[in-house]
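The chain contents come next:
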Amino acid sequence: NWLVRGRRLFANPFEGMPRANEQADPRRPRRAFTEKELTALLTAARQRPLQERLDRNAGDIEKIPERDRRELELRGLELATAYKLMAFTGLRMNEAASLRIGALVLDTDQPHVRLEAAKAKNRKTAHVALRRDVVDDLRGLPCRAPQMAAGSERRMARARKARGIGAIVRRD
């Protein structure tokens, strides 16, 4: 292993130890979102930024300046689009976070996302096909790629919780 190769350890203390069988003892069964859960997640993601601000302003939308309201609504649209992109492509959170506008190839017969090798889990460049509805959603964003900023996993968990959706095991 890398600790031995890097001379941080003289020997691997786990050498010869059998690997655990994940199939025999799944801690959490893996599953995909149901259509209802995915719809609820996307709705919650779209509404969440504005709703959080309303919660801080005692529900008074008049206290939120119009410019801020538009920005919060755009942020919700970006989050929902990013979640939909991950749901329909299989991209992991960090892979989606690494995307930039240049990685989105939308104006071809086969629209796709180009994932650079350095950002992919298997370290190979990938061209991931996009569904037409995802392409339409991406085109609807105002000239910026969907942002998966720091804390995105917590935001997704809050959106799931707000809609009563249980945890989904990530495919890492």
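Since this is a predicted model, take the numbers as computed values, not measurements.

Turning our eyes to something else, we now look at the overall build of the chain. Regarding its fold elements, the chain presents six helices and three strands. Overall, the chain shows an N-to-C arrangement of helices and strands of α-α-α-α-β-β-β-α-α. Across the chain, the fraction of contacts at a sequence separation of at least 24, relative to all contacts at a separation of at least 6, is 60%. Taken as a whole, the chain presents about 12100 Å² of accessible surface, with 50% of it coming from carbon and sulfur.

Taken in spatial order, the three strands make up an open sheet running 1-2-3, and their pairing is antiparallel. Strands with a single pairing partner mark the edges of an open sheet, and in this sheet they are strand 1 (104-105) and strand 3 (126-129). Relative to strand 3, strand 2 (residues 112-115) is paired through four bridges, and the arrangement is antiparallel. In the strand pairing of strand 3, R114 is matched with H127.

Counting 25 residues, the largest nonpolar core has Y83, L85, L91, L99, L130 and L138 as its most contacted members. Listing elements by their share of this core, those giving two or more residues are helix 2 (35-56), helix 3 (66-89), helix 4 (93-97), strand 2 and helix 5 (132-139).

Turning our eyes to something else, we now look at the packing of aromatic side chains. All told, the structure shown has zero aromatic pairs when counted by the stated rule. A cation sits over an aromatic face here: R131 above F88, 3.9 Å from the ring centre.

Once that is clear, we can look at the packing of helix 3 against helix 5. Between two packed helices, what matters for the description is the angle formed by their axes and the separation of those axes. At a minimum axis distance of 10 Å, the contact between helix 3 and helix 5 shows a crossing angle of 155°. When the axis of helix 3 is compared with that of helix 5, the two are roughly antiparallel. Here helix 3 and helix 5 pass one another in a crossing that is left-handed. Where helix 3 abuts helix 5, its residues T81, K84, L85 and F88 lie against D133, V134, D137 and L138. Looking at the contact of helix 3 with helix 5 residue by residue, the class counts come to four nonpolar, one polar and three charged.

Quick notes on the rules
- Residues numbered from 1 in each chain as written.
- Predicted model: local features only at pLDDT ≥ 70, side-chain atom pairs only at ≥ 80, totals over all residues.
- Heavy atoms only, no water.
- Helix = DSSP H or I, 4+ residues; strand = E, 2+ residues; numbered from the N terminus.
- Contact = heavy atoms within 4.5 Å.
- Areas by Shrake-Rupley, 256 points an atom, 1.4 Å probe, with all protein chains shown as cover.
- Pairing = 2+ DSSP bridges.
- Core = buried A, V, L, I, M, F, W, Y, C linked by side-chain atoms within 4.5 Å.
- Buried < 20%, exposed > 50% of the residue type's maximum accessible area, 1.4 Å probe, protein only.
- Phe/Tyr/Trp six-rings, centres within 6.5 Å; stacked < 30°, edge-to-face > 60°.
- Lys NZ or Arg CZ within 6 Å of the ring centre and 35° of its normal.
- Axes fitted to C-alpha atoms, helices over the stretch in contact; angles between N-to-C directions.
- Parallel < 35°, antiparallel > 145°, perpendicular 65-115°, else oblique.
- Left-handed = near helix turned anticlockwise from the far one by under 90°.
- Nonpolar A, V, L, I, M, F, W, Y, C, P; charged D, E, K, R; others polar.

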